[in-house]
Every structure is written in C-alpha cells, then in structure tokens.
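# Descriptive structure summary
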Amino acid sequence: MKNFTLLILFVILVASCKINTYKNKSQANIFANHADPFIGTGGHGHTYPGATVPFGMLQVSPDNGISSWDWCSGYHYSDSIVSGFSHLHLSGTGIGDLADILFMPTNKKLDLTTKTTSRDQLPYKSKYSHVNEKATPGSYQVFLEDPKINVELTSSQRTAFHKYTFAKNDKQAVIIDLGFAINWDKALKTNITVEDPYTISGYRFSTGWAKNQKVFFVAKFSKPISESVLLANKQIVSGNNAEGENTTAQLFFEPNNSNQLEVKVALSSVSVANAKDNLDDEKATFDDTKSKAATIWNTALSKIEVETPVDSLKTIFYTAMFHAQVAPVTYSDKNGEFRKEDDQIVAARDYTAYSTLSLWDTFRAENPLLTLLAPDKTSDIINSMLAYYDTKKILPVWTLYANETNTMTGYHSIPVIVDAYQKGIKGFDPEKAYQAMKATMMQDERGLNLYKKYGYIPYNLLDESVTITLEYAYDDWCVAQMAKALGKTEDYQFFLNRSKAYQYLFDPKTGFMRGKSEDGKSWNEPFDPKHSNHREHTDYTEGNAWQHSWFVPQNVEDFISLHGSNEIFAKRLEQLFTESSEITGSNVSADISGLIGQYAHGNEPSHHIAYMFNHANQPWRTQYWVHHILDTQYNTTPNGLSGNEDCGQMSAWYIFSSMGLYPMNPASGEYEIGSPIFEKATINLQDGKTFVIEAENVSDKNFYIQSATLNGVVFNKTVITHQDILKGGKLHFVMGAEPNKNWGLKK
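No experiment lies behind these values; they were computed from the predicted model shown. (Residues numbered from 1 in each chain as written. Predicted model: local features only at pLDDT ≥ 70, side-chain atom pairs only at ≥ 80, totals over all residues. Heavy atoms only, no water.)

## Examining the overall build of the protein chain
What counts is decided by this rule: A run of H or I in DSSP counts as a helix once it spans at least four residues, and a run of E counts as a strand once it spans at least two, with each numbered from the N terminus. What the globule rule says is 2.2 Å times the number of residues to the power 0.38, and the radius of gyration is computed from C-alpha atoms. Burial classification: accessible surface area is computed with a 1.4 Å probe over protein chains only, and a residue below 20% of its type maximum counts as buried, one above 50% as exposed, and the rest as partly exposed. Note on contacts: a residue pair is in contact if any heavy atoms of the two residues lie within 4.5 Å. Per-residue accessibility takes into account occlusion by the displayed protein chains alone, with areas from the Shrake-Rupley method and a 1.4 Å probe. Positive charge is attributed to Lys and Arg, negative charge to Asp and Glu, and no charge count is given to His or to the chain ends. Think of each charge as sitting on NZ of Lys, CZ of Arg, CG of Asp or CD of Glu.
Across its full length, the protein chain holds 20 helices and 40 strands. Taken against the 2.2 N^0.38 rule, which gives 27 Å for 747 residues, the C-alpha radius of gyration of the protein chain at 27 Å falls within 12% of a compact globule. Summarising its shape, the C-alpha atoms of the protein chain cover approximately 85 × 80 × 50 Å along the three principal directions. For the protein chain, the residues scored as buried account for 62% of the 747 residues in total. Across the protein chain, the fraction of contacts at a sequence separation of at least 24, relative to all contacts at a separation of at least 6, is 69%. Put simply, the protein chain shows about 27300 Å² of open surface, and 50% of that area lies on carbon and sulfur atoms. Across the protein chain, 68 positive and 83 negative side-chain charges occur, with their mean positions spaced 4 Å apart.

## Re the domain arrangement of the protein chain
For clarity, the cut-off: The domain limits used here are those given by an automatic or database domain assignment. Buried area, as used here, totals the accessible surface that two parts lose on assembly, with accessibility defined by a 1.4 Å probe and the loss added over both. Salt bridges are defined as contacts in which a side-chain nitrogen from Lys or Arg sits within 4 Å of a carboxyl oxygen from Asp or Glu. Polar contacts, as used here, are pairs of N or O atoms within 3.5 Å; protein pairs need one atom able to donate a hydrogen and one able to accept it. Residues neighboring in sequence count only if both atoms are side-chain atoms.
According to the domain assignment, the protein chain consists of domain 1 (35-300) and domain 2 (303-736). Look at where the C-alpha atoms of domain 1 and domain 2 centre, and you get two points 35 Å apart. Tallying the contact residues gives 54 residues for domain 1 and 53 residues for domain 2. Summing the contributions of domain 1 and of domain 2, the shared interface buries around 4200 Å²; its carbon and sulfur component is 57%. Between Asp343 and Lys214 there is a salt bridge, with its nearest N and O atoms 3.2 Å apart. Across the contact surface, domain 1 and domain 2 share 32 residue pairs in polar contact (both at pLDDT 80 or more). Listed by contribution, the elements that provide at least two residues to the side of domain 1 that touches domain 2 are strand E13 (213-221), strand E18 (260-268), helix H3 (272-278) and helix H4 (286-301).

Take a look at the structure:
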C-alpha cells in the first residue's frame, strides 16, 4: 500500500511537471500572442500580415496582385487570390510601392511567355481562404488551394525564410517574377542568375514613388535545382542568366524523399555581394528563425505591460505595439553600406541607417513613442536623416529606399530631432543637426520663399497654403527651441517670431484658419469649412477647415486668446465633435475617415485635437472625447483601424492614449493627460526602472479622472514631463462615472 501511494504521488508529480512545462511554453510569448497582424488589413488600414522583425530590413508578405488604393500594402483582407510573396512592403501608407522580388511556389510547369496586363492572367496565381491562413508577429502561413501547397514565412533582421510543403508526389517548383509590380511601381531593369545548384541571385531596378530604387538579392534553396527556365521580356533565354526590363524564372527541384522546400532570401540596396553578406549562415533554419522572431517580438512588445480583464483591449494594444515597431525599416547592410538616391554608396558608421520615414504622420506620436520604446533607434533615425542632409543640404520630407518622395507638407524631420535632443537622447551631433534644421527652414523650396516673403503662404500663390503655413510655423518653433538650448539667442528670437505665422490666417469671425490673399487682407471666398478637394485647388491637405484649423500645438494659450476666451474656444472645439459629418465637394479626400462630427481620426491632422480642452480649463472634455475615440475608432477585426496606419502613427496614438498620455506638442518633452483605460500599465524603461500608471475603478463607464497622485504626492496637472517618466515611479488615478470639474484646472 505504501509503495502504491508513492507511485501515485510520483505520477501526480510527473503530471504536474508536464502541466507546468506546457504552461510555461504557452506563457513564453504571452505578449506576442495578444497581437493580431490581420488588424488593419481591411478597410483603409493598409497594413500587411506578413513576416518581419522589429524595424527589420525585409517584410516578406503575400501580394494579392491588385493595383488599388486599399491594396497599397500589397494585401487586403477582402481578397481571396494571392499572386506571390514579395520581400518589401509598406505598412499602412496611402501610396503603393515596393512589392519587390516576388516568389511563388507551384506544382506544374507554366507558360510564362504570355504577356499579362492584370492579375487574372497570371498563370501562377492561386485562391486561398482565411480559414487556412495564420499570422503572428514574425511569421505567416497560408494554404494555396490551386497547387495545394502550404506556404510558411518568417524573417530575421536581414533574411527572409520561406517553407513550402507540397502534396505528396507533386512536382516541386518556384516562380520568381521580377517584373511583378503594383500601383506606382514599374520595373526598369532586372536580372536573374542561377549561380549554382542551390543559389540564384540578381537585381531589380524600378521607378515609382521611389524614383531610383535598386534592390539586389540572393536566394539559397534547401534542395538542388534540377531544371531552370529563364525568361527575359517574356522570351525564354538559354544559359544561366536572364536580363531585361522584365525577367522571370521557373526553378524545379527533385523531391529527394521530402515534400518540403525551404528558401532563404536576403536583399541589399548596394550589390549582390552585400546581399550574400546579409544572408543568415547555414546554421539558421526556418524553425529556429521563426522561434527567434517570436521571442524578439515578445521582448519588443513587453516594453509596456498592460493589465485589464478585457481581452479585446489587450489585443488592440499589443497589435498597436506590433505596428508601432515595424517601421522605419533597416536600410544599411550588415557591413554598414547603403545606396543614396544619387547612387552614392556610403557607410553608416556606429549607427544603422533607416528608411521608410513617414514623417508627416509619425512626428506626432510614433517618433515620440520610440523615444520611450527604442531610444537607440531614435538616434539612428536622426543620423539617417543627417546622411540625407549631407547630400541634399536639406532634411528629408518622406524618404523611401533613400529616395525623397516629397510627399506631404512641412519638414517634420525637425520636430523629431528636437524631441530627441530635449529628451536627452545622445548618439548624434546636435550642432550639425541644428545647422541642418536651420538650412532647411531658410531655403526657398516647397513654398518657403513665399512663407519668408509674406510671413504666411498666400492661397492664390500655392495650394494647401493654410496647412503648409501652420506646419512651417510649428517647424520654426521647434528650430527656436533647439537654438535656445544651444545658446543661439538671435536665432531663437528669429524663429520664435516666425512661428507665430498662424496669427495671419486666423479669422476671428468664423473661428477658422483660412486662406489669405497676398494682399494680407482678403480671404479665399466663398468659404465652406466642410469643403474638401483632394490635393489640388485647396487650402488644406487631405481635409477641410474643420480639421486643419487647430494645428497650433506650440502655443495653445495664444491660440485660445485669438478665439477670445477659454469658453469660446472650448465651445468651438466641442462643435468639431458634434457637428454633422457631411463633407462637401466633388473631389473629397479619401483620407477623411473615422469621422466623429467633423473630427477625422483616420487622418493625422486630427490626432492632437481632443487634448486641447486641457488648455481651455475643461480637461473633463478631453477625458470624454479621448475615451470616445479609443472606444469607437479601434477594434479587433481586420477593419480595426479607422484610417491608414501610416507606419505606426495610428497605433502610437492608441498606445499613448490608452495609458492616459499623449504628446500633443510632440517636441515639448511633455505629455497631456487624457483618460487611461487599463487598470495598470507598466512602462519598462531602458535602465531597468519602471513607470507605472494605475487607474483605480476604471471601466467603460468610469473614464473621468477624480483625483491623482504622482509617487504618493497629489497630482493636479494635465501634463507630465518625459523626465518625470524616466525617473520611474507611479502615477495613480482614481476614476469615476461623473466628471470632476475641479481636477487639473490651471490656477
């Protein structure tokens, strides 16, 4: 009996060990398990579901093959056809480019000589179902229904991994199509070379949004190539090399008693030799890389830990954390080299060069978020912008593959640099950065000649004059802050004075920022604040007067005084959210989405506005509207973003706001207090310290702040500084269902 009892105890002990083992295994990637890469792949989110690592060089992801606005990332959840899997993608932008170096497995010999004008004519396309599709941070899987092939993808920083599982006894083949292009992209010159039985290499030079994009690649297969068919401009060529505007290849492989084929692909902007250097070594397997990618993502997502009983909120939050760390992307090779727009090859020394700088979007919250999550990346991003300045003598606007797209308004490299400097981030030359900022704002391109001459941009001399003027005024304020910090008093006064340009465009009668003529007196008439005309013959960029009349984050108090009083300002601000959502005009910008009244959360110019109530002594209105936006503009479906993700900005807004913070003036080093939705959020800082935000009694109804303490001391302010957060500590809120109209008021 005693032995039997010992046996039972032993069995229980073993079983409990197994249970703990399984539990620990499931807990290992707990943060990554909450993220869903399919969020944002529907609607106008424009995200991709494929595999990448934080700020990775490659984004290996499925391409549906459609050229349309909602397919800017190459993929849209509404689709059911896949054309292949390419290696470069944009996350949530409004303009389509990339989708370079397309691979597609197949199980039959195909005729690739027929000219195709649409994806319907592609001989290698396949149907798929979301039932047989899965995406997690760092990996992607889909079953191709036509050739009956299971495709799995994963990635390291500079190498993509494919795993294809074929049906038993099927032919095993892979298509490489370097002529494949979507949206704005067009191949100019391409090459495929079969180097040896396991290796192919080549390049793809293209034009599009990035006018001079050169991508070199190498691919290594796990099995020897038994047969290859190479084509140049739809003609089969002999030998092991094909070159032309459009080159394709079909490679065949012997089964070798295995139905699986693996491929490793690395890219470079410089050369095939550099692509080979970027390729992970032979020890790196698909499964190991997939496991490492999950671990890397889990570490990246764990930089902020949130606690809530509502699982959907965790899913939205950690998906936002995922999307906030896929861009910008690594651009320099392992040896530091990268190609500039003018074809110079330079080397990044002591930093990593980054591309995909969507600065008009990301300066608002994404870049400030990175100062908390990845300050080392922030200094690298600044050095990347300064490398651009070395060539162009001005700072970049929106760079893609080192190309200036000149997309959107303002020069928002400037607030990114000032924000980092004010927060004490090292690793770049502040004097050089200041000279770059000053040179940029003193040149004459992109309307700055008019801005300097008139103090604002007259509507009759340049489109989008109101938006451009307001954004240049903000950039000037940022230059002034850097000048002040560096002891340049004369420059400080000059740029500070110029930063008041918004005063020229404010119409006290209507309460809107309006287009003003070069005579300095007459407004652009007739005036309809709801009118939108997309990117031409308009005073506003991708919006209307309702959405663009609030961009004075650098001096909200003066802005309020222009309205006349806190009461008038707050009443007009409230009307923004309660006005009808009608947008007038025959060419309304598709970017105006996520409407709450005339507030448009789906586009970035609206993102700071709800926090302005704080400055009009009505912080409870900020709390109400921020909570409403959090509640209505994000969800866990593929349509879970109310507008373009824009390289992390839509997600950064959620991350900050859900914790109860937001950088309304992104270069001020301060965060506005909003309305936290989590019981607890812990920011794990770089030096091992933590900053904890607690919201006692918080619920979907208890979103008003009743009281607060910072490290046990009464906290009655609507801002907290970045430096306060870096010190570590605890910000504790008590929440309730009714507003406390005495909390947070400026005395």
